[in-house]
Structures are given as structure tokens and as C-alpha cells.
Amino acid sequence: FNLKHISIDEEGFLLFDKFQNVKLIEERDDVDIKFCGDVEYCAPEVILGEKYSKISDWWCFGIIIYEMLFGVRPFLNDGTDKIYNMILNEEIKFPNNNNISAEAKDLLQKLLIKEKNDRLGFEGGFEVIKKHYFFKGIDFDNLVKKQIVSSFKPIISDEKDENFNQNENVNQKKD
């Protein structure tokens, strides 16, 4: 999974679109037994081959937020083994040249805790994450219903437009 697989709909809401390789093996709350995705998003427990659950998704959520804020993944290297080593052993670092709010930094630090039992969302799931002060003022019920007006609405020339260049506010087609 990476940001090239996030697009924007006509109302300005984000769409995640790289699920074509995902197969539901068994729907259970406690365990998943297959991994599918980009190594940079792997939670430590996945790398270690431990049983993992939805708490691993909160790690991935933290990686996505990090990448959206900074334009780069926090654990990036040339080889899979090097990336795994970084995820398992290096602490999260924030770019020096980027201002980040205390709320965003706190959220990322709590989502990217290596020990899954200490990670934000371990107890209480997404309900606890939604209450983090980074999300203060967001009505998630209205967000899910798309009743919140997006701060960016793309200009769409026809229904086949799929990607939008927000910087130039010009539509671009996929390759």
C-alpha cells in the first residue's frame, strides 16, 4: 500500500484503492494468518511472525498519516531486510524541516509504538483513536455519511477522471 493508491472522489473525500490483491481468508477479530502489502507498512508483530489482529492496522494507519504529513515513509531503505530491521529497532523520527503540531506528533508516537499491547487502539479500538485530540472537532458519523464539506474539491472534466493534481488544480489521467 502506498499513497499512489489513494485517490480523491468528486466531493474531495479520500478513496483507498489497492485492495485487489487482498483475500479474505477467515473473518476473525483475533487473528489473521496472511500478509499482503508493502513492507514499509508492516507492523513489528507481522515481521516477527506473531499472530496479529486489528491492532496491526493501527500501526499501518500511523504510517499512512506520517506519509501524508511528510511525503515520505518513516522506515525507508533499499532492501526488505533493512526495512524490517528499521521497523523493529529504530525509533520514529520526524523530519527537521517540517513543522508538525504537538497533536500530530503525539498521535504518530502512540500509533507507532512497537509493542502492540501498548499501541493506541489496543484497548478500545478506533473509538479510542477517534477521541485523540488530533481529531478534535471531527464528527466521524457525518464524515462517514459524507456530510462534511471537504476543503478541496477537484475539478472534474468527465466521469473518467481518476487522479487530480491538487497543486495545479488540473485533472490528470493515470498512465
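What counts as what
- Residues numbered from 1 in each chain as written.
- Predicted model: local features only at pLDDT ≥ 70, side-chain atom pairs only at ≥ 80, totals over all residues.
- Heavy atoms only, no water.
- Helix = DSSP H or I, 4+ residues; strand = E, 2+ residues; numbered from the N terminus.
- Buried < 20%, exposed > 50% of the residue type's maximum accessible area, 1.4 Å probe, protein only.
- Contact = heavy atoms within 4.5 Å.
- Axes fitted to C-alpha atoms, helices over the stretch in contact; angles between N-to-C directions.
- Left-handed = near helix turned anticlockwise from the far one by under 90°.
- Nonpolar A, V, L, I, M, F, W, Y, C, P; charged D, E, K, R; others polar.
- Arc of directions from axis to C-beta.
- Salt bridge = Lys/Arg side-chain N within 4 Å of Asp/Glu carboxyl O.
- Phe/Tyr/Trp six-rings, centres within 6.5 Å; stacked < 30°, edge-to-face > 60°.
- Polar contact = N/O pair within 3.5 Å; in protein donor to acceptor, adjacent residues only side chain to side chain.

(A) Looking closely at the overall build of the protein. Along its length, the protein carries 6 helices and 4 strands. Across the protein, helices and strands are ordered from the amino to the carboxyl terminus as β-β-α-α-α-α-α-α-β-β. Counting the 175 residues in the protein, one finds 34% classified as buried. For the protein, the proportion of contacts with a sequence separation of at least 24, taken over those separated by at least 6, is 53%.

(B) How the structure looks around the packing of helix α2 (residues 54–70) against helix α4 (residues 102–111). Between α2 and α4, the shortest axis-to-axis distance is 8 Å and the interhelical angle comes to 145°. Relative to α4, α2 is oriented so that their crossing is left-handed. Between α2, through Trp58, Trp59, Phe61, Gly62, Ile65, Tyr66, Leu69 and Phe70, and α4, the contact on the second element is made entirely by Ala104, Leu107, Leu108 and Leu111. Looking at the contact of α2 with α4, its residues break down into 11 nonpolar, 1 polar and no charged.

(C) Just helix α3 (residues 80–89), in detail. Within α3 the residues assigned to the buried category are Ile83, Met86 and Ile87. Axial view of α3: buried residues confined to an arc of 95°, hence all on one face. The exposed set on the far side of α3, more than 90 degrees from its buried face, consists of Asp81 and Asn89. Residues of α3 that are buried in the fold lie against α1 (44–47) and α2.

(D) Representation of the pattern of salt bridges within the structure. Inspection of the entire model under this criterion finds 8 salt bridges. With a shortest N-O distance of 3.1 Å, Glu40 and Arg73 are connected by a salt bridge. Placement of the pair is Glu40 in the loop between β2 (14–16) and α1 and Arg73 in the loop between α2 and α3, with a sequence separation of 33 residues. Here Glu40 and Arg73 have matching classes, each one buried. A salt bridge links Lys110 to Asp106; the nearest nitrogen and oxygen atoms lie 3.0 Å apart. Within this pair, Lys110 and its partner Asp106 are both found in helix α4, separated by 4 residues, close to a single helical turn. Classification of Lys110 as partly exposed rests on a relative accessible area of 34%. Given the relative accessible area of 15%, Asp106 is considered buried.

(E) Quick look at the packing of aromatic side chains. As enumerated under the stated definition, the model contains 11 aromatic pairs in all. Pairing Trp58 with Phe61 gives two aromatic rings, centres 6.4 Å apart and planes at 75°, and the pair type is edge-to-face. Remark: Phe61 and Trp58 occur in helix α2; sequence separation between them is 3 residues, near one turn of the helix. Residue Trp58 is classed as buried on the basis of its relative accessible area of 16%. Given the relative accessible area of 24%, Phe61 is considered partly exposed. Taken together, a centroid distance of 5.7 Å and an interplanar angle of 70° make the contact between Phe135 and Phe140 edge-to-face. A residue is classified by how much of its surface remains accessible, and Phe135, at 9% relative accessible area, is buried. Feature note: the residues Trp58, Phe61, Phe126, Phe134, Phe135 and Phe140 constitute an aromatic cluster, connected by ring pairs.

(F) Up close: the side chain of Arg119. Mapped onto the secondary structure, Arg119 falls in the loop between α4 and α5 (125–130). In this structure the side chain of Arg119 is engaged in a polar contact, spanning 2.9 Å, whose partner is the side chain of Glu45. One polar contact links the side chain of Arg119 to the main-chain carbonyl oxygen of Ile55, over a distance of 3.1 Å. What Arg119 contacts, discounting residues up to four positions off in sequence, is Ala43, Pro44, Glu45, Ile55, Ser56, Trp58, Trp59, Lys110, Leu111, Ile113 and Lys114.

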